Amino acid sequence: MEILFTPWRYPYLTSPKSEQPQGCIFCIAASTPETRNALTVYRNDKALVMLNRYPYTNGHLMVAPIAHEARLFDSSDASLRALIRLTAEAQRILSDVYHPDGFNVGMNFGQVAGAGVADHYHLHIVPRWGGDTNFMSVTAQTRLVPEELGVTFDKLQPHFEKIRKDLFA
């Protein structure tokens, strides 16, 4: 029998529900000074990029506007431009750091469409590699993510810090 260790999930599973963050994860990420705890690798006044706490693969990022809005048509042009620019930069950074063979990039609007956070839209960027599916996903509905989130954060955050200086200065 194979044993899979997922130590990063233990605090979430065992903490009282009252200790888990209340409110919108994107609004919390937009306002907290604790960017590492919020898994926020980049933010400016219009949009942010954060790691997905429960990723499909290593490097699974989410890009969201700072404004708490449920649909694209609620956003300003400046917010939409920042969202797309950060998505492009995130894809470039993931390409440089992880060298994936492709990407899934997508959005879900509303709970019935699969949005985990229905009232604050966000975009997922999921790096993909040839052969990255395995029997665990098919037979056990389990994903294997070999890299801890702190390691992913440390790999990506310096690259986003560089774009802060180069792109959005």
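Preceding this paragraph is the structure being described.
Figured I'd write up the structure that's included with this text. (Residues numbered from 1 in each chain as written. Predicted model: local features only at pLDDT ≥ 70, side-chain atom pairs only at ≥ 80, totals over all residues. Heavy atoms only, no water.)

### A closer look at the overall build of the protein chain
Now for step 1: The helix and strand inventory of the protein chain stands at five helices and five strands.
Now for step 2: Written out in order from the N terminus, the α and β elements of the protein chain read α-α-β-β-β-α-β-β-α-α.
Now for step 3: Burial statistics for the protein chain: of 169 residues in total, 36% are counted as buried.
Now for step 4: A sequence separation of at least 24 residues applies to 64% of the contacts in the protein chain between residues at least 6 apart.
Now for step 5: A total of about 10000 Å² of accessible surface is found on the protein chain, and carbon and sulfur atoms cover 55% of it. (Helix = DSSP H or I, 4+ residues; strand = E, 2+ residues; numbered from the N terminus. Buried < 20%, exposed > 50% of the residue type's maximum accessible area, 1.4 Å probe, protein only. Contact = heavy atoms within 4.5 Å. Areas by Shrake-Rupley, 256 points an atom, 1.4 Å probe, with all protein chains shown as cover.)

### Quick notes on unusual backbone geometry
Now for step 1: With phi around 60°, Leu39 is a residue other than glycine that occupies positive phi space.
Now for step 2: Here His99, not a glycine, exhibits a phi torsion of approximately 55°, which is positive.
Now for step 3: On the secondary structure map, His99 appears in the loop between α3 (77-98) and β4 (102-106).

### Some words on the packing of aromatic side chains
For any pair of aromatic rings, geometry is given as the distance between the ring centres together with the angle between the planes.
Now for step 1: Scanning the model with the defined rule gives three aromatic pairs in all.
Now for step 2: Each ring, one from Tyr98 and one from Trp129, has its centre 6.5 Å from the other, and the planes form 75°; the classification is edge-to-face. Here Tyr98 is found in helix α3, whereas its partner Trp129 is found in the loop between β5 (123-128) and α4 (135-139), with 31 residues between them in sequence. (Phe/Tyr/Trp six-rings, centres within 6.5 Å; stacked < 30°, edge-to-face > 60°.)

### Considering the sheet that holds strand β2 (residues 47-51)
Now for step 1: Read across the open sheet, the five strands follow the order β1-β2-β3-β5-β4; overall the sheet is antiparallel. This sheet does not close on itself; its edge strands, each paired only once, are β1 (40-43) and β4. Mean inter-strand twist for the sheet, computed between neighbouring axes without regard to direction, equals 15°.
Now for step 2: When β1 meets β2, the two strands line up antiparallel, connected through three bridges. (Pairing = 2+ DSSP bridges. Axes fitted to C-alpha atoms, helices over the stretch in contact; angles between N-to-C directions.)

### Side note on α3
Now for step 1: For α3, built from 22 residues, the straight-helix expectation of 32 Å at 1.5 Å per residue is met to within 8% by its first-to-last C-alpha distance of 31 Å.
Now for step 2: When we look at burial in α3, the residues that qualify are Ser79, Ala82, Leu83, Leu86, Thr87, Glu89, Ala90, Ile93, Leu94 and Tyr98.
Now for step 3: In the segment just after α3, His99 is the residue with positive phi, at about 55°. (Expected span 1.5 Å × (residues − 1).)

### Re the nonpolar core
Inside soluble globular proteins, nonpolar side chains tend to come together where they are buried.
Now for step 1: Of all hydrophobic cores here, the largest spans 23 residues; its most connected members are Val49, Leu51, Leu61, Leu156 and Phe160.
Now for step 2: Every element with two or more residues in this core is listed here: β1, β2, β3 (61-65), α3, β5 and α5 (149-166).
Now for step 3: Top contributing element to this core by residue count: α3, with seven residues.
Now for step 4: Those residues in contact with Leu156 that lie beyond four places of it in its chain are Val41, Leu51, Leu61, Ile93, Leu94, Val97 and Tyr98. (Core = buried A, V, L, I, M, F, W, Y, C linked by side-chain atoms within 4.5 Å.)

### Let's talk about the side chain of Glu89
Now for step 1: Along the polypeptide, Glu89 turns up in helix α3.
Now for step 2: Polar contacts involving the side chain of Glu89 include one to the side chain of Arg92, which spans 2.8 Å. (Polar contact = N/O pair within 3.5 Å; in protein donor to acceptor, adjacent residues only side chain to side chain.)

### Some thoughts on the pairing of β2
Looking down a regular strand, the side chains alternate between one sheet face and the other.
Now for step 1: Of all five residues that make up β2, five are buried, and the element is covered over most of its length.
Now for step 2: With burial as the criterion, each face of β2 is covered, one bearing Ala47, Val49 and Leu51 and the other bearing Leu48 and Met50.
Now for step 3: The loop that links β1 with its antiparallel partner β2 comprises three residues.
Now for step 4: Pairing between β2 and β3: five bridges, direction antiparallel. By the bridge assignment, Leu51 is partnered in β3 with Leu61.

Interpretation note: all reported values are geometric properties and have no functional meaning in isolation.
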